[in-house]
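What follows is each chain in one-letter form.
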Amino acid sequence: MRKLNNIAAPVDMSSGFKDFFDTIGLTGGGLVTKGIAAVIAVIAVRMLLQLSSDPKTALRKGSMAVGTLFVAVVLAMYGDTLFSTVTNPANPKG
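Residues numbered from 1 in each chain as written. Predicted model: local features only at pLDDT ≥ 70, side-chain atom pairs only at ≥ 80, totals over all residues. Heavy atoms only, no water.

Enquirer: How would you sum up the overall build of the protein chain? Please name residues and give values.
Expert: Each helix and strand counted, the protein chain has 3 helices and 0 strands in total. Ordering the α and β elements of the protein chain from the N terminus gives α-α-α. Looking at the protein chain alone, contacts between residues at least 24 apart form 47% of all its contacts between residues at least 6 apart. Summed over its atoms, the accessible surface of the protein chain is roughly 7,800 Å², and 68% of this surface lies on carbon and sulfur atoms. (Helix = DSSP H or I, 4+ residues; strand = E, 2+ residues; numbered from the N terminus. Contact = heavy atoms within 4.5 Å. Areas by Shrake-Rupley, 256 points an atom, 1.4 Å probe, with all protein chains shown as cover.)

Next comes the structure, spelled out in structure tokens:
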């Protein structure tokens, strides 16, 4: 008979979603930020797929779509840090 190997240690998730988000390293604000970034990325991809055949218009709309996709990527990577400085301001006077 084969011996089963545990891949990960058991985690107590009795308090629900808070424990789950702690294990994946996200807070509620971080999850919202990732969700907003995902929606913006979907909009940018849709903008890329709807380019016209006119080169001038396609270049303008394509550059706007690439810029929107860039904003979505930056928001996904650094959004929780950016928004944490807004919600938890540092005291400049010490």
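From this point, the discussion proceeds with the structure in view.
Enquirer: Let's hear about the environment of Val32: which residues, and what values?
Expert: Turning to its location among the elements, Val32 is positioned in helix H2 (residues 28–49). Once the C-alpha coordinates of Val32 and Gly79 are considered, the two residues, 47 residues apart in sequence, prove to be 9.6 Å apart.

Enquirer: Help me get a handle on a nonpolar patch on the surface, residues and values and all.
Expert: Taken together, the side chains of Val73, Met77, Tyr78, Leu82 and Phe83 define a hydrophobic patch exposed on the protein surface, amounting to about 500 Å² of accessible area. Mapped onto the fold, Met77 is located in helix H3 (residues 55–87). (Patch = residues over 30% accessible without salt bridge, like charges linked within 9 Å, V, L, I, M, F, W, Y side chains within 5 Å. Salt bridge = Lys/Arg side-chain N within 4 Å of Asp/Glu carboxyl O.)

Enquirer: Can you tell me about the environment of Ala58, naming the residues and giving the values?
Expert: Inspection of the secondary structure puts Ala58 in helix H3. Relative accessible area serves as the criterion here: at 17%, Ala58 is assigned to the buried category. (Buried < 20%, exposed > 50% of the residue type's maximum accessible area, 1.4 Å probe, protein only.)

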